[in-house]
Amino acid sequence: MDEPADVERVGVVGAGTMGHGIAQVAATAGYDVTMRDVEREYVDRGLEGIDSSLERLAAKGALDEEPATIRSRIAGTTDLADLADADLVVEAVIEDLAVKRDVFADLDGIVDGDAVLATNTSTLSITEIASATGRPERVVGLHFMNPVPVMDGVEVVVGERTDAAVVEFAHGFAEEVGKETWESDDKPGFVTNRILMPWINEGIRAYDEGVATREDVDRGMRLGTNVPMGPLELADHIGLDVVLDASETLHEELGDRYKPAYLLKRKVAAGDLGKKTGEGFHVYE
C-alpha cells in the first residue's frame, strides 16, 4: 500500500456537535477544511457553533490567530462531491451502522484512492464500516472526545484490515491538531466507552435507587475519584440520547453488565436529553 499523503485538505462529514468541533480544531491547526451535512440549515448551524466557540477561546487568550483567520479556512457544503480533493475525511454522522456504511460507500467513489477515511464512531465496528469500501486498509477510527476543542484526547481505533501506516498517520494527524492519543483494537466500546458507559449507568442507578441525591452522586465522584464531572453531569453533557444509544449497542454486544439504566431510558423518552434541551439529570439555563 502507498504511504498516506501529507494532509493539506480535510473533509468532515456531519456538522453537528462532533463534526463542527473536528472542523474547528483542524482549521485551527492550519488545515483547509470542507464540512458537509445533508441540509444547509445544519451546515449553517455548525458554522455558527464554530464562530461561537472561536470567540470564547479568543476571549480566554487561547488562540494564536484571530477567529476570522481560522474561520476563513472552513467551507460548508451540502454536496459530498466537494470533499473529492481531501487527503483525509473524518465522518461524524449519527451512530447508526447502516448510515455510516452508506456514507463510506459514497465517499469511496468520490475521494481519491490514496486518501484516508476515518470514522468518529464511539462504539460501532471499524471493520464493518470499512467493509462498505474498496479500501478497508485505509479506514481507521478517529474517536474525538466531546467537546472537541477542549478535550485533549483522541482514540485511534484499528480495524481488522487497517494498514499500520494508516494507524501511524491517524496518530500523527491527531497530534497535529493538538491532541494526545491512545490506541484501541476494534472491540465493542473500544477503551473509553467500554469503561465509561457502565460507570455512568451505575451512577444513574445509584441516584434512582436512593443511594444519594443527584448532587451528591456527582459530588462524591468528583471529590472521591478526582474526575472533573460526576456521572450524571457527564451524561447530561454528552446527551442522554447518545449515552442510551451507546449503552444499547454495548448491551447487545457484551451482555447484561451494559444494560442501560431504566431512568436513563425514561428521561430520553420524555425528551430530557441534558444540556442541549435544558434539562436532564440537572436543570440548565
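Residues numbered from 1 in each chain as written. Predicted model: local features only at pLDDT ≥ 70, side-chain atom pairs only at ≥ 80, totals over all residues. Heavy atoms only, no water.

1. Focus on the domain arrangement of the protein chain
Many authors give the size of an interface as the accessible area that is lost as the parts come together.
Turning to step 1, where the next piece is worked out: Considered domain by domain, the protein chain is made up of domain 1 (9–185) and domain 2 (194–277).
Turning to step 2, where the next piece is worked out: Look at where the C-alpha atoms of domain 1 and domain 2 centre, and you get two points 26 Å apart.
Turning to step 3, where the next piece is worked out: Of the residues lining the interface, 4 residues belong to domain 1; the matching set on domain 2 comes to 4 residues.
Turning to step 4, where the next piece is worked out: A combined buried area of about 390 Å² lies between domain 1 and domain 2, and 61% of that area is made up of carbon and sulfur atoms.
Turning to step 5, where the next piece is worked out: Inspection of the region where domain 1 meets domain 2 yields 0 salt bridges. (Domains from an automatic or database assignment. Contact = heavy atoms within 4.5 Å. Buried area = accessible area lost by both parts, 1.4 Å probe. Salt bridge = Lys/Arg side-chain N within 4 Å of Asp/Glu carboxyl O.)

2. Let's talk about the side chain of threonine 123
Turning to step 1, where the next piece is worked out: Relative to the helices and strands, threonine 123 resides in the loop between strand S5 (116–119) and helix H5 (126–130).
Turning to step 2, where the next piece is worked out: There is a polar contact of 3.1 Å between the side chain of threonine 123 and the side chain of glutamate 95.
Turning to step 3, where the next piece is worked out: When neighbours within four sequence positions are excluded, threonine 123 is seen to be in contact with Glu95, Pro188, Gly189, Phe190, Asn193, Ala246 and Thr249. (Helix = DSSP H or I, 4+ residues; strand = E, 2+ residues; numbered from the N terminus. Polar contact = N/O pair within 3.5 Å; in protein donor to acceptor, adjacent residues only side chain to side chain.)

3. Notes on the environment of valine 10
Turning to step 1, where the next piece is worked out: Mapped onto the fold, valine 10 is located in strand S1 (residues 9–13).
Turning to step 2, where the next piece is worked out: Classification of valine 10 as buried rests on a relative accessible area of 1%.
Turning to step 3, where the next piece is worked out: Distance in space between the C-alpha atoms of valine 10 and valine 116 is 10.0 Å, their sequence separation being 106 residues. (Buried < 20%, exposed > 50% of the residue type's maximum accessible area, 1.4 Å probe, protein only.)

4. Looking at the nonpolar core
Turning to step 1, where the next piece is worked out: Formed by 40 residues in total, the largest nonpolar core has its most connected members in Val33, Leu88, Leu142, Phe144 and Phe173.
Turning to step 2, where the next piece is worked out: Filtering out sequence-adjacent residues up to four positions away, leucine 88 remains in contact with Val7, Arg9, Val10, Gly11, Val116, Ala118, Leu142, Phe169 and Phe173. (Core = buried A, V, L, I, M, F, W, Y, C linked by side-chain atoms within 4.5 Å.)

5. Concerning the packing of helix H7 (residues 192–208) against helix H10 (residues 240–254)
Turning to step 1, where the next piece is worked out: The N-to-C vectors of H7 and H10 enclose an angle of 110°; their axes lie 10 Å apart at closest approach. In this view, H7 runs roughly perpendicular relative to H10, as classed from their interaxial angle. Once H7 is placed against H10, the crossing between them reads as left-handed. Residues Asn193, Arg194, Met197, Ile200 and Asn201 of H7 form the contact with H10, whose participating residues are Val243, Ala246, Ser247, Leu250 and Leu254. (Axes fitted to C-alpha atoms, helices over the stretch in contact; angles between N-to-C directions. Parallel < 35°, antiparallel > 145°, perpendicular 65-115°, else oblique. Left-handed = near helix turned anticlockwise from the far one by under 90°.)

6. Quick notes on the sheet that holds strand S4 (residues 88–91)
Turning to step 1, where the next piece is worked out: Spatial strand order, S3-S2-S1-S4-S5-S6-S7-S8: 8 strands in an open sheet with mixed pairing. Unpaired on one side and paired on the other, strand S3 (74–77) and strand S8 (180–185) mark the two borders of the sheet. Going from strand to strand, the sheet's axes swing by 25° on average, the running direction of each strand aside.
Turning to step 2, where the next piece is worked out: Examined bridge by bridge, S1 and S4 share 4 bridges and lie parallel to one another. Looking at S4, one finds that valine 13 is bridged to glutamate 91.
Turning to step 3, where the next piece is worked out: Along the sheet face, helix H2 (residues 40–59) touches strand S2 (32–36) and S3 and points at about 160° away from the line of S3. (Pairing = 2+ DSSP bridges.)

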